[in-house]
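Read off the chains here:
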Amino acid sequence: MDSRRCKCNWCGTKMSAPIGAQTISCPRCQSVTQLQPPRNNNGFANGVINNIVGAVVNTAFSARPGRMNPNANNSQPQPFNMSPQITMRPPAVHGRKRAVLCGITYRGHSKSLKGSINDVLSMRYLLVEKLGFPNASVLVLTEDEKDPYKIPTKGNIRSALRWLVHGCQPGDSLVFHYSGHGTRVRDRDGDEVDGHDESLCPVDFESEGRILDDEINNTIVRPLPRGATLHGIIDTCFSGTFLDLPFMCRINRAGYFMWEDHRISTFKGTRGGTAISISACDDHQNSGDTTAFTGFPTGALTYSFIKTLEQETKLTYGRLLMSMHNKIHEAQKGVGMNGANETQEPQLSASEQFDIHSKMVAI
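Residues numbered from 1 in each chain as written. Predicted model: local features only at pLDDT ≥ 70, side-chain atom pairs only at ≥ 80, totals over all residues. Heavy atoms only, no water.

## Considering the overall build of the chain
The secondary structure content of the chain amounts to six helices and 17 strands. In the chain, buried positions account for 52% of the 363 residues. Within the chain, contacts between residues at least 6 apart in sequence are counted, and of these 68% link residues at least 24 apart. Split by element, the accessible area of the chain, about 16,100 Å² in all, is 47% carbon and sulfur. (Helix = DSSP H or I, 4+ residues; strand = E, 2+ residues; numbered from the N terminus. Buried < 20%, exposed > 50% of the residue type's maximum accessible area, 1.4 Å probe, protein only. Contact = heavy atoms within 4.5 Å. Areas by Shrake-Rupley, 256 points an atom, 1.4 Å probe, with all protein chains shown as cover.)

Structure representation (structure tokens):
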């Protein structure tokens, strides 16, 4: 039988696929790769040609560099041209440690972000090289990815989040890292203490819409079984309650803390698992990028989180928060930060209350 050479979209293994085959299963990682149609003599694919790389909307952002104005008048949108047939086909679930890392720069915008992809690459290095995550279990979505299924569109991000918790079992450790724009929108179902939902902005948000914290909670928090752990590392504006978790921790510079109960009428917890969110700032604050740490743009939250994990021993969540706050404060006093015009205060929220000075769940 005639065949053609191809490679796995996820692990890169080279394979031979029969002519005419539409998909092929990788013998190494068991993931399914969607094959491009064979090309005719003119060099064009037979059938429908999917235009994957489109123009990201030229929307209005806030005056603060790199941060979105939720009330902007978004006129004449130029939506990301994503064929409706293209939806993400995540790899088969691998191992007990899995992560989704999403970094969006909104390339082409006058207020595009500079550090988001750097954040994702740094986070992947930490997880794989330092914390023992299998490379095949770390799913990266950025605009730099050549695979259309890994472009951070709304559909692909949704698929990635479903993959993250699929088949989750006791003992699993899950990570969701997001570096990009975030906005606040009016709460319409009455489950927010402050009257606002937080939202994630995919690269195609102008045509497809945002992803609200209600949906994020429903997708990756509520399914967590007892014994499983989820850590969200959220580097965006208005991110204090980004995972919509029931309890919000307040800590002062002396280390004294208290928990706020954000439960109103809607269940926001898990099926017994533990969910922890470490976010860049409070729900009313802006976060920022900075070159103060490395000389190239990074999200202040992402960098301070990674360096604290690498440098500190016997780490607790209380120590993590205080260390990140100190690092970000020093960056603001020095070179400064794009986006944050006030002290950026990292936040901790959780599915349960605990002593933050005596506990740190392993990632």
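From this point, the narrative continues.
## Quick look at helix H1 (residues 116-130)
A turn of α-helix holds 3.6 residues, and therefore any two residues three or four places apart point the same way. Between its first and last C-alpha, H1 extends 21 Å over 15 residues, near the 21 Å set by a 1.5 Å rise per residue. In the stretch just after H1, Gly132 is the one whose phi turns positive, near 80 degrees. (Expected span 1.5 Å × (residues − 1).)

## A short note on the pattern of salt bridges
A full pass over the atoms with the stated rule returns ten salt bridges. For Glu215, the salt bridge goes to Arg158, with nearest N and O atoms at 2.6 Å. Taken together, the residues Glu215 in helix H4 (residues 213-221) and Arg158 in helix H2 (residues 154-165) connect sequence positions 57 residues apart. A relative accessible area of 30% means that Arg158 is categorised as partly exposed. Where Asp261 meets Arg263, a salt bridge forms, and the shortest distance between an N and an O atom there is 2.6 Å. Note on Asp261: relative accessible area 40%, which makes it partly exposed. Of the residues examined, Arg263 reaches a relative accessible area of 49% and is grouped as partly exposed. (Salt bridge = Lys/Arg side-chain N within 4 Å of Asp/Glu carboxyl O.)

## Description of the sheet that holds strand S13 (residues 257-261)
Strand order in this open sheet of eight strands is S6-S5-S7-S11-S14-S17-S12-S13, and the pairing throughout is mixed. Every interior strand has two partners, whereas the edge strands, strand S6 (138-141) and S13, have only one. The average undirected angle you get between the axes of adjacent strands in this sheet is 15 degrees. In the sheet, strand S14 (residues 274-279) pairs with strand S17 (residues 347-350) via four bridges, with the strands oriented antiparallel. By the bridge assignment for S17, Ile276 is matched with Ala350. (Pairing = 2+ DSSP bridges. Axes fitted to C-alpha atoms, helices over the stretch in contact; angles between N-to-C directions.)

## Here's the deal with the nonpolar core
One finds Phe176, Tyr178, Ile220, Leu230 and Leu243 to be the most contacted residues of the largest nonpolar core, which totals 34 residues. At the level of secondary structure, the elements contributing two or more residues to this core comprise strand S5 (97-103), S6, H2, strand S7 (173-179), H4 and strand S11 (229-235). Here this core gets six residues from one element, more than from any other, and that element is H2. Judged by nonpolar contacts, the second largest core, of 32 residues, contains Val140, Trp259, Ala280 and Leu320. (Core = buried A, V, L, I, M, F, W, Y, C linked by side-chain atoms within 4.5 Å.)

## Describing the pairing of S6
Here S6 shows two buried faces, one formed by Val138 and Val140 and the other by Leu139 and Leu141. By the bridge criterion, four bridges tie S5 to S6 in an arrangement that is parallel. Note that in S6 the partner of Leu101 across the bridge is Val140. In this fold, the crossover linking S5 to S6 by way of H1 has right-handed handedness. (Right-handed = clockwise from strand over helix to strand, strands pointing away.)

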